[in-house]
Amino acid sequence: MGNAVSEVEFGWFIPTTGDGKYIGVEPERESSADYMIQVAQTAEEAGFTFALIPTGGSCLDAWIVGSIVASHTKTLKPLVAMRPGLIAPVLAARMAATLDVLSGGRALINVVTGGSPSDLSAAGDPLAGDHDERYVRTREFLHIVRSVWTRSNDGGEKFLAGGGYKYGDSEKVEFSGKYYRLEGGAALPLPVQKPYPPLYFGGSSEAGKRTAVETSDVYLMWAEPLAWIREQIREVEEIRAEVKASTGKERELRYGLRAQVVVRETEEEAWKDAWEIISKVDDSAIEWSSHRFKETDATNQQRQNSLRESSRANGYVIGPNLWAGISIVRGGGAMTFVGSAEQVADRLLEFTAIGISSFILSGYPNLEEARITGDLLLPVFKRKLAERGAAADLAFSGHGGKIEA
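Residues numbered from 1 in each chain as written. Predicted model: local features only at pLDDT ≥ 70, side-chain atom pairs only at ≥ 80, totals over all residues. Heavy atoms only, no water.

Draft legend 1. The pairing of strand E15 (residues 356-362), seen in detail. Summarising burial for E15: seven of the seven residues are buried, a large majority. In this sheet, E15 lies alongside strand E1 (residues 8-13) in parallel orientation, the contact comprising three bridges. Across the sheet, the residue bridging to Glu9 is Ser358, located in E15. Sheet analysis places strand E11 (residues 254-264) next to E15, joined by six bridges and oriented parallel. Paired with Ala259 across the strands is Leu361, a residue of E15. (Buried < 20%, exposed > 50% of the residue type's maximum accessible area, 1.4 Å probe, protein only. Helix = DSSP H or I, 4+ residues; strand = E, 2+ residues; numbered from the N terminus. Pairing = 2+ DSSP bridges.)

Draft legend 2. Representation of helix H10 (residues 299-311) within the structure. If you check H10, its first and last C-alpha atoms are 19 Å apart, about what 13 residues at 1.5 Å a residue would give, namely 18 Å. Burial in H10 covers these residues: Asn300, Gln301, Gln304, Asn305, Leu307, Arg308 and Ser311. All buried residues of H10 project into a common sector of 165° when viewed along the axis, lining one side. (Expected span 1.5 Å × (residues − 1). Arc of directions from axis to C-beta.)

Draft legend 3. Quick peek at the side chain of Ser327. Checked against the element boundaries, Ser327 lands in the loop between strand E13 (322-323) and strand E14 (336-340). Reaching out from Ser327, the side chain makes a polar contact with the backbone oxygen of Ala324 at a distance of 2.6 Å. (Polar contact = N/O pair within 3.5 Å; in protein donor to acceptor, adjacent residues only side chain to side chain.)

Draft legend 4. Representation of the side chain of Thr215 within the structure. If you trace the backbone, Thr215 turns up in helix H6 (residues 206-215). Apart from residues no more than four positions distant in its own chain, Thr215 is found in contact with Arg139, Leu142, Arg146, Leu199, Phe201 and Arg251. (Contact = heavy atoms within 4.5 Å.)

Draft legend 5. Region of interest: the confidence of the model for the protein chain. Looking at the protein chain as a whole, the pLDDT averages 88, with 87% of positions reaching at least 70. The low-confidence segment residues 399-405 (pLDDT under 50) makes 17 contacts with residues lying over four places distant or belonging to another chain. (pLDDT = per-residue confidence, 0-100.)

Draft legend 6. Molecular detail of the pattern of salt bridges. In the structure shown here, the tally under the stated rule is 24 salt bridges. A salt bridge links Lys209 to Glu235, with the shortest nitrogen-to-oxygen separation between them at 3.4 Å. Of this pair, Lys209 sits in helix H6 while Glu235 is found in helix H7 (residues 226-247), placing the two residues 26 residues apart along the sequence. What makes Lys209 buried here is its relative accessible area of 2%. The partly exposed category is assigned to Glu235, whose relative accessible area is 28%. (Salt bridge = Lys/Arg side-chain N within 4 Å of Asp/Glu carboxyl O.)

Draft legend 7. Focus on the packing of aromatic side chains. In the structure shown here, the tally under the stated rule is 11 aromatic pairs. Judged by centre distance (5.4 Å) and plane angle (20°), the rings of Phe10 and Phe359 are stacked. Of this pair, Phe10 sits in strand E1 while Phe359 sits in strand E15; the two residues are 349 residues apart in sequence, bridging distant segments of the chain. For the pair formed by Phe10 and Phe359, the shared burial category is buried. Here the guanidinium or amino end of Lys280 rests over the ring plane of Tyr22, the centre of that ring lying 4.2 Å away. Sitting above the plane of the Phe13 ring, Arg330 keeps its charged end 5.9 Å from the centroid. (Phe/Tyr/Trp six-rings, centres within 6.5 Å; stacked < 30°, edge-to-face > 60°. Lys NZ or Arg CZ within 6 Å of the ring centre and 35° of its normal.)

See the structure below:
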């Protein structure tokens, strides 16, 4: 079972498919370079330490967006997606390490194993319809990526006149698995962060949870009622215990939550603005979204579908200050914290008490909501964290550093 955490980080979201106040309609704002830079800079100024850059067939490429974001911010860390099966592992390792070097050690990596079968098929993934095998491939992929990141290079490789490097034998990676074969694998540059940039990972199936335990640093979940998240953490901790018992090794693992947020001065104002987000959704948009959601083989999306349908008669309320309304047309992390800053801070603290140490938030539109959330919610969360500081080791990570409770 997860325990109260020792450090909390807050991330925001870079919209790469357009943005606006309403969903289920054509976006009001184009995801231009200028607009995404503006969102990133606003999030940085508001106190967020990193930014999730989404991936998928309808999104701008996360790596290019991440490079732009990193080059126009000073401390904000881009969380970009590696997609096993759609890119070779050594190339992915080189891209991530390059981003880490050029950003001064700010790269974060989001490992995305799945998606909808149609999206994966459209991208050319031969395992589009084989859910569990995609995780087998991901474990091999990440083994290679971590191996080429962590090979010692002290005196091993030599820069050659005219370009290129000569590697010593100890720096080369050999691998033979079901999906990858590597002979003399090596990649430069080495990442700035040691041993390598943090790996964020999502997947609610048993195969996904096991892969997270074996490979990642942060296990991400889409927001659900507190009891549901507590149960997911319990399942992951059981797998961690199994892995430790069988291997004698234990990897540290943090837990993260992805959610929308509507925080206002009063609860009444927050709920009014939350319902406004879906006020222009028509029946055709709901029907199309419903069809898209049903075709998924992703366990986390199936859980979101269940929450939405079971809460329909209750105005989509799935818990205190937690709302599923946006999920009628939005897939992924659509569950929304709605309320005053005091209320939403209390809800987030309930999740930190069971082990959540990373929150990735977003709102409509992301530019204005980054500023509002930074101004209203983050200071209240920090204050309440300090007030509950019987656990004096709790810390808030934001505004460029850690603030001890």
